[in-house]
Amino acid sequence: MNSSDSNMYLRDMRWEGKQVILHTDGLLCMTPGEVVRSRAFEKVLNRYLDFLESHDDPILKGLAGAYGRSEERRILLSLLRALAEAPLEYAVRSIPGTEACLENPRPLYLLVETMYDFWRSHNRYLVSHSERGPLSQDKKPYRTFHATVERLNDITRALYRDICENITGKHLRIYRQLHAGCNVGLIAVREKYPLPEAAERLLKEVPVVRQILINPPLIMDPPENRRTGQFIRADRSPLEGLEIKSEEWLCYPAQVGPVVIFVYFHQRFTGLGASLANLFELASDEQLASGPDAIYLYGADPAHMASYGDLPTVFYDDDETGLLVGAVPGEDRFGYFGYLKKMMLTLHNIRMMKTGRMPFHGALARISLRGSATATLLLIGETATGKSETLEALRTLGKDKVSRMSIIADDMGSIEVTGDGRIVGYGTETGAFIRLDDLEHGYAFDQVDRAIIMSPQKVNARVVLPVAFIEDILSGQEIDMILYANNYEEVDQDHQVIQALPEAREALAVFREGAAMAKGTTTSTGLTHSYFANIFGPPQYRELHDALAARVFDAAYGKGLFIGQVRTRLAVPGFEREGPMEAAMALLDLVSGKRG
């Protein structure tokens with residue numbers, strides 16, 4: 001196969017910062033030789049040579065070529081293609097002008113090694129496109145992934161090894177099965193689903209993700225690692241006047257608890273969009289056919305969004321169609337997973353309030369101790385107040401006492417008061433977006449084979465991990481205890497680790513005040529206050545939320561639930577780990593004494 005025939009069946013190859021996105025309509029190359037002869041390989045080589053020249057890298061000096069000129073690059077490309085199939089001494093005979101490489105092959109070998117590292121230093125995503133039908137690639141996704149992602153990994157490694165061995169004349173002694181092709185594979189299908197006219201006009205051609213394959217651990221470094229401000233309710237839809245290029249977008253239809261949100265993300269945020277797979281279950285075919293409860297455009301045209309102000313992170317509540325619409329600009333300052341996740345949860349919370357449920361910002365878990373003691377515990381609190389950390393400490397410290405702990409909600413959920421007065425909690429996420437620094441030592445490494453790790457070298461490094469099943473978060477659990485997570489107060493004789501709040505009025509005051517010490521997960525500093533520790537929907541619908549909260553707390557006290565606050569001390573210097581551990585031990589005692 002000559003180079004003009006071999007294009008790896010690629011529709012497109014796009015570079016976005018440290019991301020490479022490959023789009024294909026079918027199978028990829030079958031052999032290493034086909035890869036090296038493809039235009040995709042040529043693009044990678046040219047990009048790497050540009051990188052070397054911009055850094056005045058000594059590798060190029062060792063090759064003694066002027067690789068800014070197209071002729072020199074053509075010769076190097078021809079040599080690498082020849083080396084994929086023949087030893088160096090034979091390859092140079094067929095490529096005039098390469099004789100110096102035979103006398104000193106070391107620079108050529110270093111070029112291949114460092115080019116391989118350069119390619120792998122990017123996060124690589126492969127999108128397999130398909131039309132809907134009986135032969136659609138999403139009908140047998142395991143075969144599609146095997147024929148694309150898995151094969152590309154195998155043949156990319158094989159190509160690297162073949163060229164290195166043909167340069168050195170030696171076999172490797174140590175083999176590392178790195179993910180050398182793509183880290184993530186996505187199957188995207190042209191779907192038909194109901195949308196209001198304005199949304200359909202704009203979004204109907206955007207391919208919909210039906211399956212995702214991830215080769216963990218997936219490590220990425222998005223442009224930003226903190227979130228600023230909250231999401232503003234706009235008086236007009238961000239879809240008005242917006243134009244997009246559908247080939248630059250993908251849609252992730254997410255189950256956010258009982259709410260279906262179609263998340264449209266721009267290719268510059270491909271890594272963050274794909275990371276949703278570790279946090280939210282993909283919507284089913286039936287849910288897709290019914291259409292979304294909300295849509296979210298993550299990466300909209302910044303010029304269009306500028307009319308919403310300096311922080312144009314907005315949502316619109318369309319009274320006419322009932323559809324919620326969120327949008328965030330495609331700028332690096334919004335390139336943080338928190339902007340993706342929290343807007344989705346904001347839309348969920350609004351939808352829940354309109355159906356009569358009170359949303360909560362917190363962690364909900366069903367704890368079963370050895371014996372007969374069980375309890376469903378809801379910890380409500382702001383970001384980084386020790387909710388997830390306390391539950392993880394409980395899981396670790398209670399190994400000899402806890403027979404099972406099921407996570408129903410890691411960050412956000414909703415509360416329903418049933419007709420018979422029971423307080424039932426529901427979740428939203430099948431995963432958790434956790435601060436790496438706040439996890440127990442070693443826990444992240446135990447889970448690394450399932451993890452997506454973000455900005456591990458920075459403050460507020462995060463990990464996205466699967467923690468729950470969709471069935472558990474949707475089925476609902478009757479709640480036994482509601483605690484406010486207090487991360488800033490010391491523990492002493494007058495301030496116990498767990499403090500009961502005996503009256504609904506007192507409890508509502510504590511929860512409504514939403515006090516917390518900022519931990520650097522957002523740009524807020526010092527002691528902050530947020531309405532019910534939940535800026536994601538309730539403040540924008542305060543009158544509606546007040547009525548729901550009063551109903552929930554009155555019913556909770558009527559049912560005899562334990563309601564109070566737990567001092568995690570996560571923001572108290574020196575107690576970042578000890579605080580959640582002591583809180584976990586106090587919770588164990590509380591659960592043990594609840595039922596015998």
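The structure contained in this document is the topic of the report that follows.

Conventions used here
Residue numbers restart at each chain and count upward from 1, following the sequence in its written direction. Note on the predicted model: pLDDT of at least 70 is required for a residue's local features to be given, and 80 or more for side-chain atom pairs to be given and counted; whole-chain, interface and lining totals, by contrast, use all residues. Note that the side-chain values use all heavy atoms of the structure and ignore hydrogens as well as water. Numbering of helices and strands starts at the N terminus; helices are DSSP runs of H or I of at least 4 residues and strands are runs of E of at least 2. Each residue is placed in one exposure class: buried if its accessible area under a 1.4 Å probe, protein chains only, is under 20% of its type's maximum, exposed if it is over 50%, and partly exposed if it falls in between. Only protein atoms enter the calculation, which uses a 1 Å grid: trapped sets of points that fit a 1.4 Å probe without letting it out are cavities, open sets showing protein on both sides within 12 Å along at least five of seven lines are pockets, and any residue with an atom within 4 Å of a point is a lining residue. Grid points are joined across faces, edges and corners, and a volume is the space filled by probe spheres set on the points. Think of it as three bins: nonpolar holds Ala, Val, Leu, Ile, Met, Phe, Trp, Tyr, Cys and Pro, charged holds Asp, Glu, Lys and Arg, and polar takes everything else, Gly as well. Here a helix's expected span is defined as the number of its residues, less one, multiplied by 1.5 Å. Note on contacts: a residue pair qualifies if any of its non-hydrogen atoms lie within 4.5 Å across the two residues. By nonpolar core we mean a set of buried residues, namely Ala, Val, Leu, Ile, Met, Phe, Trp, Tyr and Cys, connected to one another through side-chain atoms within 4.5 Å. Paired strands, as defined in this entry, are two strands with at least two bridges between them according to DSSP. Here, axes are lines fitted to C-alpha atoms. For helices the fit covers the stretch in contact, and angles between N-to-C directions go from 0 to 180 degrees.

### Side note on unusual backbone geometry
Part 1 of the argument: Residue Pro-217 is reached from Pro-216 by a cis peptide bond, and omega for that bond is 0°.
Part 2 of the argument: Structurally, Pro-217 is set in the loop between strand E5 (208-214) and strand E6 (218-220).
Part 3 of the argument: Even without glycine at this site, Asp-56 takes up a positive phi of about 50°.
Part 4 of the argument: Of note, Asp-56 is situated in the loop between helix H2 (39-54) and helix H3 (58-63).
Part 5 of the argument: One non-glycine residue, Asn-460, lies in positive phi territory at about 65°.
Part 6 of the argument: With respect to the helices and strands, Asn-460 occurs in the loop between strand E20 (452-454) and strand E21 (462-466).
Part 7 of the argument: Judged by relative accessible area, Asn-460 falls into the buried class, the value being 1%.

### A few points about the layout of surface pockets
Part 1 of the argument: Here the largest pocket defines a volume of roughly 350 Å³.
Part 2 of the argument: Around the largest pocket, the lining comprises 18 residues; the ones closest to its centre are Lys-18, Gln-19, Asp-221, Pro-222 and Pro-223.
Part 3 of the argument: Going through the elements one at a time, strand E3 (123-131), E6 and helix H10 (270-274) are the ones with two or more residues in the lining of the largest pocket.
Part 4 of the argument: Its residues assigned to classes, the lining of the largest pocket comprises eight nonpolar, five polar and five charged.

### Quick notes on helix H18 (residues 542-558)
Part 1 of the argument: Between the first and last C-alpha of H18 there are 24 Å, a value that for 17 residues agrees with the 24 Å anticipated at 1.5 Å per step.
Part 2 of the argument: At its buried positions, H18 is contacted by helix H13 (337-354), strand E14 (358-369), strand E17 (412-417), strand E18 (423-427), helix H17 (504-513) and strand E27 (562-567).

### Quick notes on the nonpolar core
Most often, soluble globular proteins keep nonpolar side chains buried together rather than apart.
Part 1 of the argument: With 80 residues, the main nonpolar core has Tyr-296, Met-344 and Phe-511 as its most contacted residues.
Part 2 of the argument: When residues in this core are grouped by element, the largest group, 10 residues, is from H13.
Part 3 of the argument: Apart from residues no more than four positions distant in its own chain, Phe-511 is found in contact with Ile-380, Ile-482, Leu-483, Tyr-484, Leu-501, Phe-532, Ala-533, Phe-553, Ile-563 and Gly-564.
Part 4 of the argument: Counting residues in each nonpolar core, the second largest holds 55 residues, with Cys-29, Ala-82, Val-112 and Tyr-160 among its members.

### Examining empty space enclosed by the protein
Part 1 of the argument: Under the criterion given, the structure shown has six cavities of 30 Å³ or more.
Part 2 of the argument: Space inside the largest cavity adds up to approximately 330 Å³.
Part 3 of the argument: Surrounding the largest cavity, 18 residues form its lining, Val-35, Phe-41, Trp-119, Thr-156 and Leu-159 being those nearest its centre.
Part 4 of the argument: Those elements that provide at least two residues to the lining of the largest cavity are H2, helix H7 (106-120) and helix H8 (141-168).
Part 5 of the argument: For the lining of the largest cavity, the element with the highest residue contribution is H8, accounting for five residues.

### Regarding the sheet that holds E21
Part 1 of the argument: Taking strand neighbours across the sheet as the criterion, the four strands line up as E6-E20-E21-E19 in an open arrangement whose pairing is mixed. A single partner strand is all that each edge strand has here, and the edge strands are E6 and strand E19 (431-435). For this sheet the average axis-to-axis angle between neighbouring strands, irrespective of direction, equals 20°.
Part 2 of the argument: Taken together, the five bridges between E19 and E21 define a ladder with antiparallel strand orientation. By the bridge assignment for E21, Arg-435 is matched with Arg-462.

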